[in-house]
Amino acid sequence: MHIVDGALSSEVVVAGAVFAVAGIGYGLRKIDIDAMPRVAMMSAVFFVASLIHVPVGPSSAHLIVNGLAGLMLGWAVFPAIFIGLLLQAVFFGFGGITVLGVNTINIALPAVLMWWLVSPFLTRAEGKSILLAGFVAGSGAIALSSIMVGLSLAASGQEFVPTAKLVVMSHIPVMVVEGILTAAAVHLVKKVRPVMLAPVGSLRNAA
Amino acid sequence: MPRFPVLCVFSVLIGTLFISVNAQAHSLHVFAMGNGDVIDGYAYFGGGARPHDAKIQLLDDTGRVIFAGKTDDQGEFKLRVSHKQDYVIEANSGDGHIASFEINGDELSSQLPSGNEGIDVQVSQIDTASSSQNEKTHPPSTIIATDSSNTTVTLSRDELDNLIDAAVSRHVRPLREQLVAYEDKVRFSDLLGGIGVIVGIFGAFAWFRAGKSRPDQQNEKP
């Protein structure tokens, strides 16, 4: 999921950086003071979860939790993911500094999309359909991210179909695990503190 | 905020921390070592899995690609080079992961001509499966002349150098592998540091926001 320095052409890197800056700027404006701990916590969860590493077949995969982060943060997922990625790059050489923009887009944009699609449904959902919505958001975000990684590599000159196939295939186990994890987490949050699933910007209006 | 959910979230967070102490980042690494006129090594993902048929490239000290090929099913490769100089091996698993590793020219046999700029270095890939046996049986049969009357062995200086080089590299190799693996490892202290930095960044941001957006409310408080 984390593309490294040198794998992408400079056009893709620059385009990614521009879009990422726009997304982060928009996300930052959505964060109010009450939502700050939530953003920080999801950023930390993302930072740690991406480092848990499971060997899967010939490759290896890790959790990303971008679906869950999206549901909890909405647009604020952009700065959260960015900070997590930045620290992973600095501490572990995981991903890279120049590709930060592309990686931020690849991980945060599907999260926002899932939030936009699933969140309205989730606020009304009850019982089992909460689990279903969580699963869809969790696995859908990974699937979209994988396809976007394929697209970014394709835009840099690699063939799209085999590359995307490779990335998506290696993330199928992650999709399943992440779907279950997101479903469980959403179910728990919905039960004990539903306000955490409210869009970040609207907390101020509600209070 | 109710205490229960916060507690839950924190216990999950701390739980994941302990799982990940021994975990490694999903990243591609490559290890290689020079031995005689052969550079051999392997590509691997963090955690130990090996990529099948990853692309590899050998670069000379000017950064020119002098060889492109693939690893075998075990992620291993073996290249024979014609000149002694520093090389860089680069592996690409095709899904956005690239790794590189420097091979110091000193690791290669001193009998190879040293490569200068502009020299065309000949590189050939050796089949990793079949060559491992040849490598071992080949040198004794041709280099060592055995005196049949007693068991003394006469060696030329070069032959002796070769043998010593091979022996040393065989013993040093596991050490170097261990060192590289240790460097790649995700460490608990780094994780904790990262979380601390995240809390700090958002804390500073919150402080900044709090001071800016609600000065009147703060004044009202006793």
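Residues numbered from 1 in each chain as written. Chains lettered and ligands numbered in written order. Predicted model: local features only at pLDDT ≥ 70, side-chain atom pairs only at ≥ 80, totals over all residues. Heavy atoms only, no water.

- If you check an unreviewed UniProt entry, chain B appears there as Nickel transport protein from Thalassospira xiamenensis M-5 = DSM 17429.

- The name an unreviewed UniProt entry gives chain A is Cobalt transport protein CbiM, with Thalassospira xiamenensis M-5 = DSM 17429 as the organism.

Side note on the UniProt feature "transmembrane region" (unreviewed entry) in chain B
Piece 1. Mapped onto this numbering, the UniProt entry annotates "transmembrane region" (unreviewed entry) at residues 191-208 of chain B.
Piece 2. Segment residues 191-208 of chain B splits into 100% helix and 0% strand. End C-alpha atoms: 26 Å apart. (UniProt positions renumbered as here; feature names shortened; annotations may be inferred. Helix = DSSP H or I, 4+ residues; strand = E, 2+ residues; numbered from the N terminus.)

Here's the deal with the sheet that holds strand E4 (residues 65-70) of chain B
Strands in a sheet are paired, the pairing made by backbone hydrogen bonds, and the direction either parallel or antiparallel.
All names here are of chain B.
Piece 1. Sheet architecture is open: four strands sit in the order E4-E3-E6-E7, paired in antiparallel fashion. Lying at the two open borders of the sheet, with one neighbouring strand each, are E4 and strand E7 (98-103). In this sheet, adjacent strand axes meet at a mean angle of 20 degrees when their direction is disregarded. (Pairing = 2+ DSSP bridges. Axes fitted to C-alpha atoms, helices over the stretch in contact; angles between N-to-C directions.)

Focus on the environment of Gly-127 of chain A
Residues and elements named next belong to chain A.
Piece 1. By the secondary structure assignment, Gly-127 is in the loop between helix H5 (100-124) and helix H6 (128-155).
Piece 2. Judged by its relative accessible area of 40%, Gly-127 is partly exposed.
Piece 3. The sequence separation of Gly-127 and Ile-107 amounts to 20 residues, and the corresponding C-alpha distance is 29 Å. (Buried < 20%, exposed > 50% of the residue type's maximum accessible area, 1.4 Å probe, protein only.)

What to know about helix H3 (residues 66-73) of chain A
Every α-helical turn comprises 3.6 residues, leaving residues that sit three or four positions apart pointing alike.
Residues and elements named next belong to chain A.
Piece 1. Buried residues dominate H3, accounting for eight of its eight residues.
Piece 2. Along H3, the positions that sit buried rather than exposed are Asn-66, Gly-67, Leu-68, Ala-69, Gly-70, Leu-71, Met-72 and Leu-73.
Piece 3. Lining the buried residues of H3 we find helix H2 (36-49), helix H4 (77-92), H5, H6 and helix H7 (160-192).
Piece 4. Note on H3: the residue one or two positions beyond its end, Gly-74, has a positive phi of about 65 degrees. (Contact = heavy atoms within 4.5 Å.)

Regarding the packing of aromatic side chains
Residue and element names in this part refer to chain B.
Piece 1. Tallied over the full model, the rule gives five aromatic pairs over all chains.
Piece 2. With centroids separated by 5.7 Å and ring planes inclined at 35 degrees, the aromatic side chains of Phe-31 and Tyr-42 adopt a geometry described as tilted. Taken together, the residues Phe-31 in strand E1 (residues 28-35) and Tyr-42 in strand E2 (residues 38-45) connect sequence positions 11 residues apart. For the residue pair Phe-31 and Tyr-42, the accessibility class agrees, reading buried in each case.
Piece 3. A ring pair is formed by Phe-31 and Phe-101, whose centres lie 5.4 Å apart and whose planes are at 55 degrees; its orientation type is tilted. With a gap of 70 residues between them, Phe-31 in strand E1 and Phe-101 in strand E7 connect regions that are remote in the sequence.
Piece 4. Residue classification places Phe-31 among the buried positions, given a relative accessible area of 1%. (Phe/Tyr/Trp six-rings, centres within 6.5 Å; stacked < 30°, edge-to-face > 60°.)

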